[in-house]
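Examination of the molecular architecture
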Amino acid sequence: MIDLQLFKNIMAEARNNPTLLDSYSPNQFKAKEKIVEHVNQFVDTNSEIVILGGWYGSILVPFFKHVKRITIIDLDDHAISISKNRLFSHYDNIDYIASDVFDKKRHGRIMNADLIINPSCEHMPSMKTLDALKTSKAYFAFTSNNMYGIEGHTNCVSSIQEFKDQLPSNSTILVEDEIKDTRGIRYMLVGRLTV
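Residues numbered from 1 in each chain as written. Predicted model: local features only at pLDDT ≥ 70, side-chain atom pairs only at ≥ 80, totals over all residues. Heavy atoms only, no water.

1. Digging into the sheet that holds strand β1 (residues 48–52)
- Reading across the sheet, the 7 strands line up as β3-β2-β1-β4-β5-β7-β6 and stay open at both edges, with mixed pairing between neighbours. Whereas interior strands pair on both sides, the edge strands pair on one side only; in this sheet they are β3 (94–98) and β6 (171–181). Averaged over all adjacent pairs, the angle separating strand axes in this sheet is 15 degrees, with direction ignored.
- Judged from the 7 bridges that link them, strand β5 (residues 139–145) and strand β7 (residues 184–193) form a sheet pairing that is antiparallel. Following the sheet pairing, Ser 144 is matched in β7 by Tyr 187.
- Contacts from helix α3 (residues 26–39) reach β4 (115–118), β5, β6 and β7, with the element oriented near 25 degrees to β7. (Pairing = 2+ DSSP bridges. Helix = DSSP H or I, 4+ residues; strand = E, 2+ residues; numbered from the N terminus. Axes fitted to C-alpha atoms, helices over the stretch in contact; angles between N-to-C directions. Contact = heavy atoms within 4.5 Å.)

So this is what it looks like as C-alpha cells:
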C-alpha cells in the first residue's frame with residue numbers, strides 16, 4: 001500500500017531539494033530493492049536495523065517501516081534533519097544520529113542491531129576497521145561500487161573479491177550480488193557476523 005503522507009512529504013521537499021530526487025533515482029531504487037530482496041527473510045516486527053550512511057533513508061525506511069526500530073547514522077546532518085522533520089515525521093520507530101559511524105559512542109547501537117545495512121561503503125573506510133562489527137552477531141548487507149569518479153567516493157572497489165577483502169574477519173557471506181548501474185557496477189555482500 002502506498003504511504004500517501006510520505007508521498008506528499010517527498011513532493012513538498014523535492015520542490016526545493018534536487019538531491020532528494022537523486023536519492024529516489026532508478027539506480028538508487030534498483031540497488032536498495034536488491035538489498036531488501038536479500039535481507040527480508042532476516043527481519044520481523046521485533047527487529048532492530050541500523051543503516052550506516054543512510055543519507056535520507058528514502059527507499060530503505062519505507063521497506064522496513066514494520067520493524068521495531070530503525071536507526072539511521074549519517075554524517076550529513078542536513079539530510080538527517082530533512083528525513084526526521086519532513087519525510088518521515090509520521091513514523092515513530094526511527095532514531096536519527098548525525099555522526100560518523102566510526103564514532104565509538106555509536107558502537108552500542110551497531111553492536112546490538114539484528115541487521116546492519118551499509119549502502120554507502122564507497123564513502124567510508126573499510127568495514128573491517130569498524131570495531132563495533134567485531135563483537136556483533138547481526139546479519140549485514142553492505143554495498144560498494146566501482147564508480148571512482150564521483151565526489152565523495154573515497155573507497156571504491158574494482159571487484160566483488162576486493163570488496164570481500166574489506167569485510168571483518170568474523171563475517172560469513174551468504175549472498176554475493178552485482179547490480180549494473182548506468183555509471184558502473186554496485187557490489188553487494190549479505191551475510192552474518194559471529195563472535
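2. Considerations on the packing of aromatic side chains
- For the coordinates displayed, the defined rule picks out 5 aromatic pairs.
- Considering the side-chain rings of Trp 55 and Tyr 56, the 5.5 Å spacing of their centres and the 35 degrees angle between planes classify their relative orientation as tilted.
- Tyr 56 sits in the buried class, given a relative accessible area of 2%.
- Centre to centre, the rings of Phe 140 and Phe 142 are 4.7 Å apart; their planes meet at 25 degrees, and the pair counts as stacked.
- Across the ring face of Tyr 139, the terminal group of Arg 192 is positioned such that the distance to the ring centre comes to 4.3 Å. (Phe/Tyr/Trp six-rings, centres within 6.5 Å; stacked < 30°, edge-to-face > 60°. Buried < 20%, exposed > 50% of the residue type's maximum accessible area, 1.4 Å probe, protein only. Lys NZ or Arg CZ within 6 Å of the ring centre and 35° of its normal.)

3. Let's talk about helix α5 (residues 77–87)
- Within α5 the residues assigned to the buried category are Ala 79, Ile 80, Ile 82, Ser 83 and Leu 87. Seen from one end, α5 has its buried residues packed into an arc of 165 degrees, which puts them on one side.
- Those residues of α5 hidden inside the fold are in contact with α1 (4–14), α2 (18–22), β2 (69–74) and β3.
- Of the residues that open α5, the one with a side-chain oxygen 3.0 Å from the backbone nitrogen of His 78 is Asp 76. (Arc of directions from axis to C-beta. Polar contact = N/O pair within 3.5 Å; in protein donor to acceptor, adjacent residues only side chain to side chain.)

4. Some details on the nonpolar core
- With 32 residues, the main nonpolar core has Phe 64 and Ile 117 as its most contacted residues.
- No other element matches the 4 residues that α5 contributes to this core.
- In contact with Ile 117, other than residues within four places in its own chain, are Ile 35, Ile 49, Val 50, Ile 51, Leu 52, Leu 60, Phe 64 and Ala 141.
- Among the nonpolar cores identified, the runner-up in size contains 24 residues, and Ile 73, Val 101, Ala 132 and Phe 142 belong to it. (Core = buried A, V, L, I, M, F, W, Y, C linked by side-chain atoms within 4.5 Å.)

5. Some points on the pairing of β7
- The buried fraction of β7 amounts to 7 of the 10 residues, a majority that puts the element mostly inside the structure.
- Here β6 hands over to β7 after 2 residues, the two strands then running antiparallel side by side.

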